[in-house]
Amino acid sequence: MFTKQLSIFLENKSGSLSDVTDVLAQAGINLVAMCVADSSDYGILRCVVSDPQRAGKVLREHGYAVKTTDVVGFAMTNESGSMAKILKHLSDSGAAIEYLYSFNNGQQANVIIRTIDMEACMGVLQQNKVHILTEEELYNL
């Protein structure tokens, strides 16, 4: 099952990240996971939120450029070698990873991943019995 991720384009200046997170907070939308990539002129905030459809609407109303993308969330044990094992399965299958970000939650580590071929990625994860997080599980972490 794919999860919706928002990519929000931000001007690369002090306060931009604070402003967008404030808009989400005022709308009562929880940031579940996020990462920021930047260049000299702009940044991209990639995030999974508790209500992606409403978040996109609210952000657009505040003038932000927002793109919605399918990603996969999965869980694994939070111990040395867990990520390496899963990435090896993906690598052996020829999966090309665009990006990923992860966060731990006690004994569990959670990963958000985007690949060139999302269907193939999902198949590899399922074949190797990786726990794929449902949208509800992920949004409620």
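Placed above this text is the structure.
About the criteria used
- Residues numbered from 1 in each chain as written.
- Predicted model: local features only at pLDDT ≥ 70, side-chain atom pairs only at ≥ 80, totals over all residues.
- Heavy atoms only, no water.
- Buried < 20%, exposed > 50% of the residue type's maximum accessible area, 1.4 Å probe, protein only.
- Helix = DSSP H or I, 4+ residues; strand = E, 2+ residues; numbered from the N terminus.
- Arc of directions from axis to C-beta.
- Salt bridge = Lys/Arg side-chain N within 4 Å of Asp/Glu carboxyl O.

Asks: Lay out helix H1 (residues 16–26) with the relevant residues and their values.
Replies: Buried within H1 are the following residues: Ser-16, Val-20, Val-23 and Leu-24. All buried residues of H1 fall inside an arc of 95 degrees around its axis, so they share one side. In this structure, H1 carries Ala-25 and Gln-26 as exposed residues pointing more than 90 degrees from its buried face. After H1 finishes, the residue Gly-28 shows a positive phi value of roughly 75 degrees.

Asks: Which residues make up the pattern of salt bridges, and what values go with them?
Replies: In the structure shown here, the tally under the stated rule is six salt bridges. Across the pair Asp-70 and Lys-4 runs a salt bridge, and its minimum N-O distance is 2.6 Å. Linking Asp-70 in strand S4 (residues 65–77) with Lys-4 in strand S1 (residues 3–11), this pair joins segments that are 66 residues apart in sequence. Asp-70 gets classed as partly exposed once you look at its relative accessible area, which sits at 26%. For Glu-61, the salt bridge goes to Lys-57, with nearest N and O atoms at 2.8 Å. Of this pair, Glu-61 and Lys-57 both sit in helix H2 (residues 52–61), separated by four residues, roughly a single helical turn. Its relative accessible area of 55% is what places Glu-61 among the exposed residues. Exposure remark for Lys-57: the relative accessible area of 52% places this residue in the exposed category.

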